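# Descriptive structure summary
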Amino acid sequence: MKVFLRYEDNEDESKHKTLKITLPKSWKNGPASRLLDQFVESYNGGNEGQSSPLESSSMHLALRRSSAAATNDDTATTSLEDVPSDGIIIETIADRDDVFVCHGPSRTVEEINTERQAKLDQEKEALKNLSKCVHFGCNQRFPKGGPYPDCKYHTGPPVFHETAKFWSCCPNKKAYDWDGFQTLPACQQGKCTDVKDEESNQKQFLGGCDLREEMNGPKLKSIDDFNASAAAGGSEGAPVLERLRSVLGELGVENELFDQVLEGVKKEEMTKNGLQEGDAKVVDEATKTLGLKLKKAMKAIAVEQLRIS
């Protein structure tokens, strides 16, 4: 593992220094402060540090991070992010990273996290009195009730298809990474708004299935789907539940268990919406609710996997 330690935090360029270090294996699981001490020792032993030596206690390490600005200027911003003095090198610094040596005392992981959380809490409190523009591609926030700032936006939702990312209203302008997508220019100008079009059923984003459906028209029902829908009084959710029951059965979920859960969800929907048994809407609402419950369960598994890893 190699890193480049760069000291550029000085108006006098003759005091700048870059030190390339190949880390011993024993260093990788050590604290980042070891890198800082090594650089200061090298700097003070060279010509740059003869007249103005550095002190480890008044310096810290930082990494340059870039992100697309969440405004309408379509530009990317860069900033230096502090490396905690007690952060494990291999967990905080990547191979061949440029690590900047800056003035100001180092902080620990706990100190950085505490400051970060305080900042998040402050931002969250500030957002309570702000509205967010509902135009696609505009992330501006403004006081509730206005004034409404100028807005650059897209008329259609974003499309994420395989590796390509683009706006459905501008299909000829594509990006293949998130930063590039964030900087794609808007196609419309106007004023921000926080009023959603309640009559519009437009999706918030599109995928490959949406593109194929747009090209080929709506998918035709199979005979099995048609029969399942007809048997449930025309419910669109009935064939979905039939397929789900079959697939879960292949995964080891007994049909009896599936039926028990589905009946419970149906009763919840009848009570909540005042529906009668046999009403096609009961099946449709139960399908949506069951989908949400399965999604929640999958998210919980994903969170647990991240915690373990």
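In this report, we go over the structure that sits alongside the text. (Residues numbered from 1 in each chain as written. Predicted model: local features only at pLDDT ≥ 70, side-chain atom pairs only at ≥ 80, totals over all residues. Heavy atoms only, no water.)

### Quick notes on the sheet that holds strand β10 (residues 164-167)
Our working rule: The pairing criterion for strands is at least two bridges between them, as found by DSSP. Runs of H or I in DSSP of at least four residues are treated as helices and runs of E of at least two as strands, each being numbered from the N terminus.
Taken together, the 3 strands give an open sheet; going across it, the order is β9-β10-β11, and neighbouring strands pair in antiparallel fashion. The open sheet has two edge strands with one neighbour each: β9 (158-161) and β11 (174-175).

### Re the nonpolar core
Rules: Residues enter a nonpolar core if they are buried and are Ala, Val, Leu, Ile, Met, Phe, Trp, Tyr or Cys, with the set joined through side-chain atoms within 4.5 Å. Relative accessibility under 20% of the residue-type maximum defines a buried residue, over 50% an exposed one, and the middle range a partly exposed one, all with a 1.4 Å probe and only protein chains included. Any two residues whose heavy atoms approach within 4.5 Å at even a single point are treated as in contact.
Counting residues in hydrophobic clusters, the biggest one holds 22 residues, and the most contacted among them are Leu-35, Phe-39 and Leu-61. Among the elements of the structure, β1 (2-7), β2 (17-22), α1 (33-44), β3 (59-68) and β5 (98-103) are those that each provide at least two residues to this core. Excluding residues that lie within four positions of it along the chain, Leu-35 makes contacts with Val-3, Leu-5, Ile-21, Leu-23, Trp-27, Leu-61, Ile-89 and Ile-93.

### Side note on the pattern of salt bridges
Heads up, the rule is: When a carboxyl oxygen of Asp or Glu is within 4 Å of a side-chain nitrogen of Lys or Arg, the pair counts as a salt bridge.
One pass over the structure, following the stated rule, counts 10 salt bridges. Residue Glu-125 is joined to Lys-128 by a salt bridge in which the shortest nitrogen-to-oxygen separation is 3.2 Å. A relative accessible area of 46% places Glu-125 in the partly exposed class. Across the pair Arg-245 and Asp-259 runs a salt bridge, and its minimum N-O distance is 2.9 Å. In this pair, Arg-245 is assigned in helix α8 (residues 237-250) and Asp-259 in helix α9 (residues 255-273), connecting sequence segments 14 residues apart. Of the residues examined, Asp-259 reaches a relative accessible area of 30% and is grouped as partly exposed. When salt bridges that share partners are traced, they join Asp-82, Arg-107 and Glu-115 into one network.

### Topic: a negative patch on the surface
Here is the rule we go by: Every patch collects residues that have over 30% relative accessible area and no salt bridge, joining them within 9 Å if they carry like charges and within 5 Å if they are nonpolar side chains (Val, Leu, Ile, Met, Phe, Trp, Tyr). For the accessible areas, the method is Shrake-Rupley and the probe is 1.4 Å, while residue cover comes only from the protein chains on display. When charges are counted, Lys and Arg are positive and Asp and Glu negative, with His and the chain ends excluded. A single reference atom marks each charge: NZ on Lys, CZ on Arg, CG on Asp, CD on Glu.
On the surface, Glu-8, Glu-11, Asp-12 and Glu-13 cluster together into a negatively charged patch. Position of Asp-12 among the secondary structure elements: in the loop between β1 and β2.

### Considerations on the side chain of Glu-285
Along the chain, Glu-285 turns up in helix α10 (residues 280-308). With residues up to four places along the chain from it excluded, the contact list for Glu-285 reads Glu-269 and Asn-273.

### Some thoughts on the layout of surface pockets
To find leftover empty space, a probe the size of one water molecule is rolled over the atoms. Heads up, the rule is: Each cavity reported here is a set of points on a 1 Å grid over the protein atoms alone in which a 1.4 Å probe fits but cannot get out, each pocket an open set with protein on both sides within 12 Å along at least five of seven lines, and each lining residue one with an atom within 4 Å of a point. Grid points are joined across faces, edges and corners, and a volume is the space filled by probe spheres set on the points. Note on residue categories: nonpolar means Ala, Val, Leu, Ile, Met, Phe, Trp, Tyr, Cys or Pro, charged means Asp, Glu, Lys or Arg, and polar means any other residue, Gly included.
In this structure, the second largest pocket spans a volume of roughly 300 Å³. Contributing to the lining of the second largest pocket are Leu-80, Glu-81, Asp-82, Arg-107, Ile-112, Glu-115, Arg-116, Lys-119, Leu-120 and Glu-123. Listed by contribution, the elements that provide at least two residues to the lining of the second largest pocket are β4 (76-83) and α4 (109-127). Looking at the lining of the second largest pocket residue by residue, the classes come out as 3 nonpolar, no polar and 7 charged.

### Remarks on the state of the cysteines
Cut-off, in case you're wondering: The disulfide criterion used throughout: a pair of cysteine sulfur atoms within 2.5 Å.
The final tally for this structure, using the stated rule, is 0 disulfides. We note that Cys-170 lacks a disulfide partner, and the nearest cysteine sulfur, in Cys-187, lies 3.7 Å from it. The thiol sulfur of Cys-187 is not disulfide-bonded, and the nearest other cysteine sulfur, from Cys-169, lies at 3.6 Å.

### What to know about a nonpolar patch on the surface
Taken together, the side chains of Phe-160, Trp-178 and Phe-205 make up a nonpolar region of the molecular surface, amounting to roughly 330 Å² of accessible area. With respect to the helices and strands, Phe-160 occurs in strand β9. Under the relative-accessibility criterion, Phe-160 is labelled partly exposed at 32%.

### Things to note about unusual backbone geometry
Residue Pro-147 is reached from Gly-146 by a cis peptide bond, and omega for that bond is 5°. Within the secondary structure layout, Pro-147 lies in the loop between β7 (141-143) and β8 (150-153). Unlike most non-glycine residues, Arg-96 shows phi in positive territory, near 65°. Looking at the element boundaries, Arg-96 is found in the loop between α3 (89-92) and β5.

### Some points on the side chain of Gln-140
As a reminder of what qualifies: Two N or O atoms count as a polar contact when they lie within 3.5 Å, although within protein this holds only if one can serve as hydrogen donor and the other as acceptor, and sequence-adjacent residues are included solely when both atoms are side-chain atoms.
Along the chain, the position of Gln-140 falls in the loop between β6 (130-132) and β7. Polar contacts involving the side chain of Gln-140 include one to the main-chain carbonyl oxygen of Asp-150, which spans 2.8 Å.

### What to know about the packing of aromatic side chains
Threshold: Between 30 and 60 degrees the pair is tilted, below 30 it is stacked and above 60 it is edge-to-face, where a pair is any two Phe, Tyr or Trp rings, Trp via its six-membered ring, whose centres lie within 6.5 Å. Two thresholds decide whether a charge sits over a ring: the Lys NZ or Arg CZ must be within 6 Å of the ring centre and within 35 degrees of the ring normal.
Counted under the stated rule, the structure contains 7 aromatic pairs. Measuring from centroid to centroid gives 5.4 Å for Trp-178 and Phe-181, while their planes differ by 40°, and the two rings are tilted. Placement of both Trp-178 and Phe-181 in helix α5 (residues 178-182) is noted, with a separation of 3 residues, approximately one turn of the helix. Look at Trp-178 and you get partly exposed, because its relative accessible area is 45%. A cation over an aromatic ring shows up here: Arg-64 above the ring of Phe-100, its NZ or CZ 4.7 Å from the ring centre.

### What about α1?
Worth spelling out the cut-off: Each residue after the first adds 1.5 Å to the expected span of a helix. What the arc measures is the spread of directions leading from the helix axis to the C-beta atoms.
Helix length check: α1, at 12 residues, gives a terminal C-alpha distance of 16 Å against a target of 16 Å (1.5 Å per residue), a fit within 8%. Those residues of α1 that fall on the buried side of the exposure criterion are Leu-35, Leu-36, Phe-39, Val-40 and Tyr-43. Looking straight down α1, one finds that the buried residues subtend no more than 130° of arc, so they occupy a single side.

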